[in-house]
Amino acid sequence: MQLKRKIEFTGKNLNDVFNLPCVKAILKVDAKPVLVLYIMKVVSRSSKTVEIGDTLVQYDDGSWEVMR
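Starting afresh in each chain, residues are numbered from 1 along the sequence in its written order. The predicted nature of this model means local features are confined to residues of pLDDT at least 70 and side-chain atom pairs, given and counted, to a pLDDT of 80 or more, with totals for whole chains, interfaces and linings taken over all residues. In computing side-chain properties, one takes all heavy atoms of the structure into account and sets aside hydrogens as well as water.

Turning to the nonpolar core, a few remarks are in order. As used here, the term nonpolar core means buried Ala, Val, Leu, Ile, Met, Phe, Trp, Tyr and Cys residues forming a set that is joined through side-chain atoms within 4.5 Å. Only protein chains enter the calculation, and the probe is 1.4 Å; a residue is then buried if its accessible area is under 20% of its type maximum, exposed if over 50%, and partly exposed in between. In this structure, Leu-20, Cys-22, Leu-35, Leu-37, Val-50 and Leu-56 are the most contacted members of the largest nonpolar core, which totals 13 residues. Looking at this core, the elements that each hand over two or more residues are strand S3 (32–37) and strand S6 (64–67). We call two residues in contact whenever any of their non-hydrogen atoms come within 4.5 Å of each other. Those residues in contact with Leu-20 that lie beyond four places of it in its chain are Arg-5, Ile-7, Leu-56 and Trp-64. A helix here means a DSSP run of H or I that spans at least four residues, while a strand means a run of E at least two residues long, and both kinds are numbered starting from the N terminus.

What follows deals with the environment of Leu-56. The residue Leu-56 is located in strand S5 (residues 55–59) in this model. Taking relative accessible area as the criterion, Leu-56 reaches 0% and is therefore assigned buried. Note: C-alpha distance between Leu-56 and Val-23 (33 residues apart in sequence) is 10 Å. In this structure, Leu-56 is in contact with Arg-5, Lys-6, Ile-7, Leu-20, Cys-22, Leu-35, Leu-37, Val-50, Trp-64, Glu-65 and Val-66, ignoring residues within four places of it in sequence.

Right, let's talk about the sheet that holds strand S1 (residues 3–8) for a bit. Strand order across the open sheet formed by three strands is S1-S5-S6, with antiparallel pairing between neighbours. For this open sheet the edge positions go to S1 and S6, each flanked by a neighbour on one side alone. Neighbour-to-neighbour, the strand axes of this sheet turn through a mean angle of 20 degrees, independent of strand direction. The criterion for strand pairing is that DSSP finds at least two bridges linking the strands in question. As paired elements, S1 and S5 share five bridges and run antiparallel to each other. Opposite Arg-5, over in S5, you have Gln-58 as the bridge partner. Note on geometry: axes are C-alpha line fits, over the in-contact stretch for helices, and angles between N-to-C directions span 0 to 180 degrees.

Spelled out as structure tokens, the structure:
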């Protein structure tokens, strides 16, 4: 798999991540935004949530991974 794009979640770039095909919802947990991802589009070994400071990585096959 080849890397297609990387997006670091800063908590302030909600507009950049809101329309990504892997994002199911944006929640507020302890006054901080957290992304909830669709299970089927995420690499199985990866987390299903994205917190501030995590990086979303998309591969050319359409799968996503969360890098902490």
